[in-house]
Amino acid sequence: MPDTTRRIIDIVLDEDSVARRSPEVEHERAVALFDLLEENDFALVGLPGPYKLRIGVFEQRLVFDVRDADEKKLRDIVLSLTPFRKVVKDYFLVCESYYAAIKKLGPSQIEALDMGRRGLHNEGSELLRERLEGKIEIDLDTARRLFTLICALHIKV
């Protein structure tokens, strides 16, 4: 039986915080949610899982509401959105260019935009890991999926 002490078993995005974006971004959000539940490495420091996670924005702060399998609140992790603003803004600009390029540009231009998009995604994921250090332990793949979900939240950039 797999170890569930370092796993998210349920995740919910606060619908009041979710920004409606292009179909491509909505698709990325759905894929990130699915992939995150399929495979993740997530541990609240000092409190074993499995975990249920709710992510939202409250008063311009990113809130991770972490609960146990029985919905008992374990901890709220609250992060300032300020460090994320630039990377999220740049990520969306490159994503928009990438999705437009797919429709009309050649493979080399699309590949260059995709590399930029992945680079910004990695930058945002590493920033998330740094900001959660000492509170939540996550691997890079989990951080990447969580960053995608954070981008889906209503962050005014």
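Just so it is clear, the model here is predicted, and its values are computed rather than measured.

Further remarks concern the nonpolar core. Core analysis: the biggest nonpolar cluster contains 42 residues, and Phe42, Leu53, Ile55, Phe64, Leu128 and Leu146 have the highest contact counts within it. Broken down by element, the residue count for this core peaks at 9 residues, all from helix 2 (residues 82-104). With near-sequence residues (within four places) excluded, Leu128 lies in contact with Phe64, Leu79, Phe84, Ile138, Ala143, Leu146, Phe147 and Ile150.

By the element assignment, Gln109 lies in helix 3 (residues 107-132). Given a relative accessible area of 39%, Gln109 falls into the partly exposed group. Each C-alpha atom, one on Gln109 and one on Glu59, is 39 Å from the other, the two residues being 50 residues apart in sequence.

A few words on the confidence of the model for the protein. Low pLDDT marks regions whose predicted coordinates should not be analysed in detail. Per-chain confidence: the protein averages 85 in pLDDT, with 91% of residues scoring 70 or above. Per-element mean pLDDT across the protein ranges from 81 in helix 1 (residues 23-38) up to 96 in strand 5 (residues 73-80).

A side chain with one charge may pair with a side chain of the opposite charge, provided their charged atoms come close. Evaluation of the coordinates by the stated rule reveals 9 salt bridges. The salt bridge involving Asp65 is made with Arg67; its shortest N-O contact spans 3.0 Å. Lys73 serves as the salt-bridge partner of Asp65, at 3.3 Å between the closest nitrogen and oxygen. Residue Asp65 is classed as buried on the basis of its relative accessible area of 11%. Through salt bridges that share partners, Asp65, Arg67, Lys73 and Asp76 make up one connected network.

For the pair helix 2 and helix 3, interaxial distance at closest approach is 9 Å and the crossing angle is 155°. The angle between helix 2 and helix 3 falls in the class roughly antiparallel. As helix 2 packs across helix 3, the resulting crossing turns out to be left-handed. Where helix 2 approaches helix 3, its residues Pro83, Phe84, Val87, Asp90, Tyr91, Val94, Cys95, Ser97, Tyr98, Tyr99, Ala101 and Ile102 are matched on the opposing element by Ile110, Leu113, Asp114, Gly116, Arg117, Leu120, His121, Glu123, Gly124, Leu127, Leu128 and Arg131. For the contact of helix 2 with helix 3, a count of residues per class yields 15 nonpolar, 4 polar and 5 charged.

A separate point is the layout of surface pockets. Taken as a whole, the largest pocket holds about 250 Å³ of empty space. Taken together, the elements giving at least two residues each to the lining of the largest pocket come down to helix 1, helix 3 and helix 4 (140-152). Looking at the lining of the largest pocket, the element that brings in the most residues is helix 1, giving 5 residues. Counted by class, the lining of the largest pocket contains 3 nonpolar, 3 polar and 7 charged residues.

The next subject is the packing of aromatic side chains. Scanning the model with the defined rule gives 3 aromatic pairs in all. When the centroid spacing of 5.3 Å and the interplanar angle of 65° are considered together, the rings of Phe42 and Tyr51 count as edge-to-face. For the pair Phe42 and Tyr51, a shared accessibility class is recorded, and that class is buried. Taking the centre distance of 5.8 Å and the plane angle of 65° together, the rings of Tyr91 and Phe147 count as edge-to-face.

With that out of the way, let us pick up the side chain of Thr142. Residue position: Thr142 is located in helix 4. Contacts of Thr142, omitting those with residues within four sequence positions, involve Leu36, Asn40 and Asp41.

Thresholds applied
- Residues numbered from 1 in each chain as written.
- Predicted model: local features only at pLDDT ≥ 70, side-chain atom pairs only at ≥ 80, totals over all residues.
- Heavy atoms only, no water.
- Core = buried A, V, L, I, M, F, W, Y, C linked by side-chain atoms within 4.5 Å.
- Buried < 20%, exposed > 50% of the residue type's maximum accessible area, 1.4 Å probe, protein only.
- Helix = DSSP H or I, 4+ residues; strand = E, 2+ residues; numbered from the N terminus.
- Contact = heavy atoms within 4.5 Å.
- pLDDT = per-residue confidence, 0-100.
- Salt bridge = Lys/Arg side-chain N within 4 Å of Asp/Glu carboxyl O.
- Axes fitted to C-alpha atoms, helices over the stretch in contact; angles between N-to-C directions.
- Parallel < 35°, antiparallel > 145°, perpendicular 65-115°, else oblique.
- Left-handed = near helix turned anticlockwise from the far one by under 90°.
- Nonpolar A, V, L, I, M, F, W, Y, C, P; charged D, E, K, R; others polar.
- 1 Å grid on protein atoms, 1.4 Å probe; cavity = no way out; pocket = protein on both sides within 12 Å on 5 of 7 lines; lining within 4 Å.
- Points joined across faces, edges and corners; volume = space filled by probe spheres on them.
- Phe/Tyr/Trp six-rings, centres within 6.5 Å; stacked < 30°, edge-to-face > 60°.

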